[in-house]
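Okay, here's what each chain looks like letter by letter:
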Amino acid sequence: MDVGVGKGAAGAGGPGGARVDDPAQTTCGAPTPSADADAVSGADPGACSSAPADVCPPAGAAADRDASGEGHPADPGRSCGEGAGDGSGDGFAQVRAVADAICYEGYLLYPYRRSSPKNRVRWQFGVLAPRAWAEVHGSGQPGVSGAAESWYQQTHCLCDAAPDAVLRVRVRYLQAQYKSVQRRTGADGAWEPVEALDADGELHLSFEEAVPREADIEVPVADLLAARRSFPVGAPGGTETAPLATRSGPAARTERRRLPVRARTTLRAERLGGPDGPLRLTVRTENTDGGVPASAPREEALRSALLATHTLLGGDGLEFHSLIDPPTRARPHAADCRNEFTFPVLAGDERARSVMFSSPILLDDHPRIAPESPGDLHDAAEIDEILSLRTFLLTDEEKREARATDPRAAAILDQVESMPEEVLAGLHGAIRSLEPVAAPAPPAAPAAAPPGPVPWWQEGGDEGVSPATDSVLVDGVPVRSGHRVRLRPRRRGADAHDMFLADRTAHVAGVFHDVDGSVHLAVTLDDDPAAELHDWYGRYHYFRPDEVRPLADGHREVRPPTGSPPGGEAG
């Protein structure tokens, strides 16, 4: 699937294509893993210190990386940096573009200005807040949705493993950072924070930023079969200041302040279904901060939270199984996997099953970036062409505010304003594949038209087409309104309904013909308590004939139609 046109530049290291591989920018430590998850709850990730690459942790340790570099703001030319294993067999490099797209989904929404109300409530996905706060304000119903704030994330995935297999896990997230613009006051020389400052014609604004972090863990699978292992994956706090150039007026500077993020990741492996059965790997990341009270406002809790948290799994001697379309031998075990606030999919090379990507945003197996995408626009459900054109229309004053809001907003403006015409033209659309259009079934005798003009969307509006009486062959059985079917949606895109509605039974409300000659069945779910209400309003789910199976008892009226004739509204 395509994640969406608009996320491509992350694959080249974000806008500008920079890569972070300077050993001096790597924050390393060598924590000792514990066999018990609770044994490291007091581990202080702030104890990590800068070190050159040759003293990074050995196998079994977690390495925390600041991909933007300590002492600098979140540089829009840098994405969450590559880990030590990139390019050396772990397969994470080929997933990096999609992972960065998830990392910055919703980071800053068009029109990319601090004054925009939607940019005052940020960080919507993969938020792992301090436990005391999350248990009061977060979701009390664990599910795969990463938009529900919690204090932990849990990934279950299935794999086959060689006896000497080694698991590599990369935990990635953003750490909140507040940028304060300050000016020097009178005689005492103190620094005074201000909301905005014009320094020689350049506007500077105080605003929240984020620093990308990642922690690598490497451990033999045999060790995880013997006992669970825990690793600190937090990040240190810090404060950095940088002067602002001013030719006149008081001296000015920016101060960027971060609180430490305290977190741990626990790994476990279990053999299922006997000695030849698959392994179930568990990756559980928790926020272990105990200093934020439940009464704290959300803004305060986010300063100690992991934002946009997601996980990559790979390694040597491992072959992962899809949980969306598992092989026969793994299907019973896939149903028992419990993924909470995240969901894993196969990633990377479609010919291999060597990497899993556990994302707080639902994806299909092997997600990829649309090749036409020239850069990440950070916007949910984005369409590059529309957002690029709308960015062109910003006034000079609006662009000035956007550049002062965040370095990534400035990079987006530069990217759009320098976009070649042929690249912009390529955003207009692309055909991925062509499918033959099946010939429609011969229509039944047209129903008698009601007196007076009939709107095109109601039965009788198109002569010869009658959703309430037309039928279509499904597995050689004519199916029409009133019949019951079992839903078997094809795996297409990242539509959550493809996953949640599979194998559900449904009541056919009508057979609809598209203008391109294709046929869809409008259905309501048998176990939906609001089915009759949807029927009355004409709100249906739509499936192609090859995505349903007729039930043996389907050829009888199970539920009489209610309300007006089906007109059809997408549900």
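For clarity, every value in this text was computed on a predicted model and none was experimentally measured.

Procedures and definitions
- Residues numbered from 1 in each chain as written.
- Predicted model: local features only at pLDDT ≥ 70, side-chain atom pairs only at ≥ 80, totals over all residues.
- Heavy atoms only, no water.
- Axes fitted to C-alpha atoms, helices over the stretch in contact; angles between N-to-C directions.
- Helix = DSSP H or I, 4+ residues; strand = E, 2+ residues; numbered from the N terminus.
- Parallel < 35°, antiparallel > 145°, perpendicular 65-115°, else oblique.
- Contact = heavy atoms within 4.5 Å.
- Nonpolar A, V, L, I, M, F, W, Y, C, P; charged D, E, K, R; others polar.
- Salt bridge = Lys/Arg side-chain N within 4 Å of Asp/Glu carboxyl O.
- Buried < 20%, exposed > 50% of the residue type's maximum accessible area, 1.4 Å probe, protein only.
- Core = buried A, V, L, I, M, F, W, Y, C linked by side-chain atoms within 4.5 Å.
- Lys, Arg positive; Asp, Glu negative; His and termini not counted.
- Polar contact = N/O pair within 3.5 Å; in protein donor to acceptor, adjacent residues only side chain to side chain.

**Some remarks on the packing of helix H6 (residues 384–392) against helix H8 (residues 407–417)**
Part 1 of the argument: Between H6 and H8, the shortest axis-to-axis distance is 10 Å and the interhelical angle comes to 95 degrees. Classed by the angle they form, the pair H6 and H8 counts as roughly perpendicular. The residues of H8 that touch H6, namely those facing Ser388, Thr391 and Phe392, are Leu413, Val416 and Glu417.
Part 2 of the argument: Of the residues that constitute the contact of H6 with H8, the class distribution is three nonpolar, two polar and one charged.

**Remarks on the pattern of salt bridges**
Part 1 of the argument: For the structure shown, the criterion picks out 34 salt bridges.
Part 2 of the argument: Across the salt bridge formed by Arg172 and Asp100, the nearest N and O atoms sit 2.7 Å from each other. Here Arg172, found in strand E4 (residues 152–184), pairs with Asp100, found in helix H1 (residues 96–103); they are 72 residues apart in sequence, far enough to count as distant.
Part 3 of the argument: A salt bridge links Asp223 to Arg229; its shortest N-O distance comes to 3.4 Å.
Part 4 of the argument: Residue Asp223 is classed as partly exposed on the basis of its relative accessible area of 33%.
Part 5 of the argument: With relative accessibility at 17%, the residue Arg229 sits in the buried group.
Part 6 of the argument: Shared partners join several salt bridges into a network, and the residues in it are Arg96, Asp100, Arg172 and Glu214.

**So, the nonpolar core**
Nonpolar side chains tend toward joint burial in soluble globular proteins.
Part 1 of the argument: Ranked by internal contacts, the top residues of the largest apolar core, which has 33 residues, are Tyr107, Tyr112, Trp123, Leu174 and Leu307.
Part 2 of the argument: Residue assignment for this core shows that the elements contributing at least two residues are helix H2 (131–137), E4, strand E8 (207–220), helix H4 (298–302), strand E14 (306–321) and H8.
Part 3 of the argument: Per-element accounting of this core gives the leading share, four residues, to H8.
Part 4 of the argument: In this structure, Leu128, Ala165, Val283 and Phe320 belong to the second largest nonpolar core, which totals 29 residues.

**Structural notes on the side chain of Asp406**
Part 1 of the argument: Relative to the helices and strands, Asp406 is located in the loop between helix H7 (396–405) and H8.
Part 2 of the argument: Although Asp406 is buried, it forms no salt bridge, and the closest oppositely charged side chain is Arg122 at an N-O distance of 4.4 Å.
Part 3 of the argument: A polar contact is formed between the side chain of Asp406 and the backbone nitrogen of Arg408, at a distance of 2.7 Å.
Part 4 of the argument: Residues within four places of Asp406 in sequence aside, it is in contact with Tyr107, Leu108, Arg122, Glu208 and Glu209.

**Looking at H7**
Part 1 of the argument: Along H7, the residues classified as buried are Lys399, Glu401, Ala402, Ala404 and Thr405.
Part 2 of the argument: Taken together, the buried residues of H7 touch E4, strand E7 (202–205), E8, H6 and H8.

**Some points on the environment of Ala132**
Part 1 of the argument: By the element assignment, Ala132 lies in helix H2.
Part 2 of the argument: For the pair formed by Ala132 and Thr288, sequence separation is 156 residues and the distance between their alpha carbons is 9.8 Å.
Part 3 of the argument: Those residues in contact with Ala132 that lie beyond four places of it in its chain are Val292 and Ala294.

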